[in-house]
Amino acid sequence: MPRFVTVGAAQLGPIHRDDTRAQVVDRQLALMHSAHRHGCDLVVFPELALTTFFPRWHFERQQDVDAFFEPTMPGPDTARLFEAARKLSLGFYLGYAELVVEEGRSRHFNTSILVDKSGAIVGKYRKIHLPGHAEHEPWRRFQHLEKRYFERGDLGFPVFRASFGEGGPGLYGMAICNDRRWPETYRVMGLQAVEMVLIGYNTPVHNPPAPEHDALSHFHNELVMQAGAYQNGTWVVGVAKAGCEDGVDQIGNSIIVAPSGEIVAACSTTGDELALARCDLDLTRSFKNTTFNFARHREPDAYRMIVERKGAEPPPER
Ligand code: CDV
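Each value, and the rule that gives it
- Counting of residues starts from 1 at the beginning of each chain's written sequence and follows it residue by residue.
- The predicted nature of this model means local features are confined to residues of pLDDT at least 70 and side-chain atom pairs, given and counted, to a pLDDT of 80 or more, with totals for whole chains, interfaces and linings taken over all residues.
- Neither water nor hydrogens contribute to the side-chain values; these are computed over all heavy atoms in the structure.
- The numbering of helices and of strands both runs from the N terminus, where a helix is a DSSP run of H or I of at least 4 residues and a strand a run of E of at least 2.
- To sort residues, take the accessible area from a 1.4 Å probe on protein chains only and compare it with the maximum for the residue type: under 20% means buried, over 50% means exposed, and anything in between is partly exposed.
- Surface accessibility in these figures is a Shrake-Rupley result with a 1.4 Å probe; residues are shielded only by whichever protein chains are displayed.
- Here Asp and Glu are counted as negative and Lys and Arg as positive; His is not counted, and neither are the chain ends.
- The atom standing in for a charge is NZ when the residue is Lys, CZ when it is Arg, CG when it is Asp and CD when it is Glu.
- Pairing of N or O atoms within 3.5 Å defines a polar contact, subject to two protein rules: one partner must be a possible hydrogen donor and the other a possible acceptor, and residues neighboring in sequence count only if both atoms are side-chain atoms.
- The contact definition used throughout considers only heavy atoms, calling two residues in contact when any of these lie within 4.5 Å.
- Patch membership requires over 30% relative accessible area and the absence of a salt bridge. Like charges are linked within 9 Å, and nonpolar side chains (Val, Leu, Ile, Met, Phe, Trp, Tyr) within 5 Å.
- Should a side-chain nitrogen of Lys or Arg be within 4 Å of a carboxyl oxygen of Asp or Glu, the pair is scored as a salt bridge.
- Residues are labelled near a given molecule or strand when at least one of their non-hydrogen atoms is within 4 Å of it.
- Each residue gets one label: Ala, Val, Leu, Ile, Met, Phe, Trp, Tyr, Cys and Pro are nonpolar, Asp, Glu, Lys and Arg are charged, and the others, such as Gly, are polar.
- To qualify as a nonpolar core, a set must consist of buried Ala, Val, Leu, Ile, Met, Phe, Trp, Tyr and Cys residues joined through side-chain atoms within 4.5 Å.

Novice: With reference to specific residues and values, describe the overall build of the protein.
Specialist: A tally of helices and strands in the protein yields nine helices and 14 strands. Each of the three principal axes of the protein carries a C-alpha extent, and together these read 65 × 55 × 45 Å. The buried share of the protein, reckoned over its 318 residues, is 55%. Counting only carbon and sulfur atoms, one obtains 53% of the accessible surface of the protein, whose full area is about 14500 Å². Measuring between centres, the 35 positive side-chain charges of the protein sit 3 Å from its 40 negative side-chain charges.

Novice: Explain the side chain of Q143 to me, using residue names and the numbers behind them.
Specialist: Mapped onto the fold, Q143 is located in the loop between β5 (121-126) and α4 (146-149). Within the structure, Q143 has its side chain in polar contact with the backbone oxygen of E137 (distance 2.7 Å). Aside from chain neighbours lying at most four places away, what touches Q143 is P55, R56, W57, H58, H133, E135, H136, E137 and P138.

Novice: Any chance you could break down a nonpolar patch on the surface for me, citing the residues and the numbers?
Specialist: A cluster of nonpolar side chains, L216, F219 and L223, forms an exposed patch at the surface whose accessible area comes to about 280 Å². Within the element layout of this structure, L216 appears in the loop between β8 (196-201) and α6 (217-232). Judged by its relative accessible area of 36%, L216 is partly exposed.

Novice: Outline the site of the ligand, listing residues and values.
Specialist: Taken together, E47, F53, K127, P131, H144, E146, C177, N178, R180, R181, N202 and T203 form the complete shell of residues around the ligand. K127 is positioned with one of its side-chain polar atoms (N or O) 2.8 Å from an oxygen atom of the ligand. One of the backbone N or O atoms of N202 is found 3.1 Å from a nitrogen atom in the ligand. Contact with the protein chains hides 87% of the accessible area of the ligand, taken as 320 Å² for the molecule alone. Looking at side-chain class alone, the shell around the ligand contains three nonpolar, four polar and five charged residues.

Novice: Please set out the environment of E135 residue by residue, giving values where relevant.
Specialist: Along the polypeptide, E135 turns up in the loop between β5 and α4. For E135, a relative accessible area of 53% translates into the label exposed. A sequence separation of twelve residues divides E135 from K147, and the C-alpha atoms of the two residues are 8.4 Å apart. Excluding residues that lie within four positions of it along the chain, E135 makes contacts with Q143, L145 and R148. Polar contacts involving the side chain of E135 include one to the side chain of R148, which spans 3.4 Å.

Novice: Lay out the pattern of salt bridges with the relevant residues and their values.
Specialist: Counted according to the given criterion, the structure contains 26 salt bridges. With a closest N to O distance of 2.6 Å, K124 and E98 form a salt bridge. Here K124 is found in strand β5, whereas its partner E98 is found in strand β3 (residues 91-102), with 26 residues between them in sequence. Residue class for E98 comes out buried when judged on its relative accessible area of 5%. Across the pair E137 and R140 runs a salt bridge whose closest N-O atoms are separated by 2.9 Å. Note on E137: relative accessible area 22%, which makes it partly exposed. Within this structure, E98, E102, R105, R107, K124, R126, E151 and D154 form a network of salt bridges that share partners.

Novice: Give me the lowdown on the nonpolar core, citing residues and values where you can.
Specialist: L42, Y172, M196, L198, M225, V237 and I256 are the most contacted members of the largest nonpolar core, which has 48 residues in total. Counting residues in each nonpolar core, the second largest holds 27 residues, with A10, M32, A85 and L274 among its members.

Novice: How would you sum up the side chain of D41? Please name residues and give values.
Specialist: Following the sequence through the fold, D41 ends up in the loop between α1 (21-37) and β2 (42-44). Judged by its relative accessible area of 12%, D41 is buried. Within the structure, the side chain of D41 is placed 3.1 Å from the side chain of K117, a separation counted as a polar contact.

Next up, the structure:
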């Protein structure tokens with residue numbers, strides 16, 4: 001029996017610093033209701049989907065940083081999302097800033113969760129590729145202090161077996177924003193036979209260290225997700241928090257990519273918007289079983305440098 005999942009890319013427009021969690025959750029619920037009316041089984045929200053993208057500011061006091069974090073999930077405001085999941089029989093991916101106390105130590109992660117149609121958390125991922133910088137750099141028009149405010153994720157790139165659509169469970173993975181630019185992200189999940197990778201992001205149009213890339217931001221966004229999908233024979237759903245947020249323009253360009261690498265649905269605004277696709281999880285097979293039959297064609301012995309070496313080193317001069 002074919003396995004179909006109708007997935008909604010639930011793009012959010014800007015969330016400003018003064019917006020409350022309750023206001024944001026209201027907007028997310030409106031997208032969930034719309035997704036339900038359109039027959040979705042699963043909706044994907046962006047990275048850090050409950051607040052403004054706070055790493056753009058340098059805060060002196062930790063309490064000002066912690067105000068953007070969720071110490072519980074579900075929490076007082078987000079509980080309504082889990083209730084809606086149950087009531088509408090609609091799963092969701094949500095990105096948020098996670099504050100957890102472990103062995104008496106506060107830990108901060110840039111996290112996403114996968115929630116099933118019964119409102120249960122069935123997967124968690126903590127962002128591994130943290131871009132930006134750790135110290136205040138006043139020359140920038142805005143900061144990108146992810147390396148200061150978050151620890152590197154400690155859960156690897158797990159793949160979860162979960163049921164959202166018709167015909168049986170599928171294999172789902174998660175990544176967050178900058179992760180989507182790295183082929184290793186998709187390949188580690190590809191090696192677990194992933195069938196759909198869910199990715200939320202916040203991508204400023206302007207890249208302070210390399211402004212010459214600004215005009216290519218949509219091209220690069222599509223390039224990496226289309227390549228990741230095709231090279232691993234998987235669906236990829238990339239979802240933005242878009243528009244002019246607290247004075248910084250962020251790209252939209254939320255897309256759903258088929259295992260062929262083709263974009264099959266896309267948002268066209270930079271506001272709250274839903275793009276959706278009915279995804280046949282078994283479309284992955286013709287890629288996983290032929291060109292990208294890993295067991296047959298990969299040559300891991302020739303790739304050792306990928307895990308043994310971190311930075312690029314030119315060969316010695318003769
Ligand atoms: N939130 C992000 O990870 N943003 C990065 C920016 C800084 C380049 C991205 O890769 O989109």
